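Notes for the structure review
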Amino acid sequence: MSKKQLGGRLLQIVIVLVGISFLTFALTYLAPGDPVRSMYAVNGTIPSEAVLEATREEMGLNDPLLVQYWNWLTGCLHGDFGTSYSLKTPVLTLLSSRLLPTLKLALLSLVMMLVIAVPLGMISAVYKGSIFDYIVRGYTFLGVSMPNFWVGLLLAYYIGMVLGWLPVISIGTGIKPMILPALTLAFPMSSKYARQVRTAVLEELNQDYVTGARARGIKESKILWMHVFPNSLLPLITMLGLSLGSLLGGTAVVEVIFSYPGLGSLAVSAISSMDYPLIQGYVLWIALIYMVVNLVVDLSYNLVDPRMRSNMAAPRSSKKETRQTKAGANQAAAASGTSGSLKG
């Protein structure tokens with residue numbers, strides 16, 4: 001990716017963030033209900049109408065939409081996302097404290113997913129049409145058809161309650177409280193990734209270099225893991241970036257089921273209590289993280305696939321050759337003109 005393309009992507013991120021922030025702010029502004037009344041209700045207080053009106057005026061909720069949005073946006077540019085109505089804590093502090101647990105959960109679920117999906121996809125591709133292939137394909141159909149909340153409830157009941165192997169409530173330190181929610185997220189993802197791995201490996205197995213490697217007597221396992229699998233990584237990297245971004249913003253249901261203290265459970269509590277500053281800050285954070293992750297994935301293409309580097313180098317070399325050709329043509333024209341004048 002050239003500097004011009006990188007600058008364009010960064011400008012695109014800024015424009016999208018402004019659009020998302022305004023849309024979120026407008027939706028919370030138009031949402032039914034009174035956030036001030038909900039704020040007092042959370043604390044168990046029933047204020048008078050005069051107190052409610054004074055609080056709205058103090059918080060700037062009586063200002064027009066554009067004025068409120070501009071005040072909030074300028075505060076965000078200075079690192080002030082507002083204060084939570086229900087928790088009386090700065091939004092930035094709340095989001096920062098919940099980001100790390102959600103990031104740990106997302107990374108653990110991605111690792112579990114890769115451990116499950118890559119071997120299953122490879123086995124299904126190598127033994128295409130066999131009983132192993134049909135078992136893996138049945139597993140993928142089952143995983144795609146089951147929603148996360150249903151998988152989480154089944155795991156919590158059988159593994160957590162009936163067998164008692166793992167805690168159902170994800171409270172405490174260490175990896176053990178994270179296994180059930182991470183497995184809940186990894187199971188549906190592994191079905192999608194196993195299909196993708198199977199498709200990519202089957203496509204690579206039909207390439208000429210695989211036939212040549214087999215003709216030279218190279219072991220099948222070495223062909224698979226040293227040649228076929230690395231060439232199948234590019235679509236997986238794209239999907240991993242998208243999955244990481246969606247996991248950071250889409251774990252709310254799983255976090256609520258297992259009482260996991262992450263960003264998703266914080267967002268659910270903010271929505272239920274009409275905590276508008278917290279909702280707006282959460283949406284803005286998730287959008288920023290998602291786009292930054294996608295940008296990092298695009299930049300990583302050059303490291304994984306040498307063909308991307310060669311494609312970038314080709315236009316530069318062609319431009320250089322064009323300039324050299326023009327310079328040579330100009331020199332030839334000048335030389336011919338000089339010789340003509342001498343003959344004259």
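Structure's up top.
Read on for a plain summary of the structure.

About the cut-offs
- Residues numbered from 1 in each chain as written.
- Predicted model: local features only at pLDDT ≥ 70, side-chain atom pairs only at ≥ 80, totals over all residues.
- Heavy atoms only, no water.
- Helix = DSSP H or I, 4+ residues; strand = E, 2+ residues; numbered from the N terminus.
- Axes fitted to C-alpha atoms, helices over the stretch in contact; angles between N-to-C directions.
- Parallel < 35°, antiparallel > 145°, perpendicular 65-115°, else oblique.
- Left-handed = near helix turned anticlockwise from the far one by under 90°.
- Contact = heavy atoms within 4.5 Å.
- Nonpolar A, V, L, I, M, F, W, Y, C, P; charged D, E, K, R; others polar.
- 1 Å grid on protein atoms, 1.4 Å probe; cavity = no way out; pocket = protein on both sides within 12 Å on 5 of 7 lines; lining within 4 Å.
- Points joined across faces, edges and corners; volume = space filled by probe spheres on them.

Below, the discussion takes up unusual backbone geometry. Here S259, not a glycine, exhibits a phi torsion of approximately 55°, which is positive. On the secondary structure map, S259 appears in the loop between α12 (252-257) and α13 (263-272).

Where helix α6 (residues 131-145) meets helix α8 (residues 179-205), the closest approach of the two axes is 8 Å, and the angle between their N-to-C directions is 135°. Taken together, α6 and α8 sit at an angle that is classed as oblique. Along this stretch, α6 crosses α8, giving a crossing that reads as left-handed. In this structure, α6 contributes D133, R137, Y139, T140, F141, L142, G143 and V144 to the contact, and α8 contributes F187, P188, S190, S191, K192, A194, R195 and R198. Its residues placed into classes, the contact of α6 with α8 shows seven nonpolar, four polar and five charged.

Glancing now at the layout of surface pockets. The volume enclosed by the largest pocket comes to roughly 550 Å³. Those elements that place two or more of their residues in the lining of the largest pocket are α1 (3-30), α3 (49-59), α4 (65-77) and α14 (276-304). Looking at the lining of the largest pocket element by element, the count peaks at four residues for α4. The residue inventory of the lining of the largest pocket, partitioned by class, reads 11 nonpolar, nine polar and four charged.

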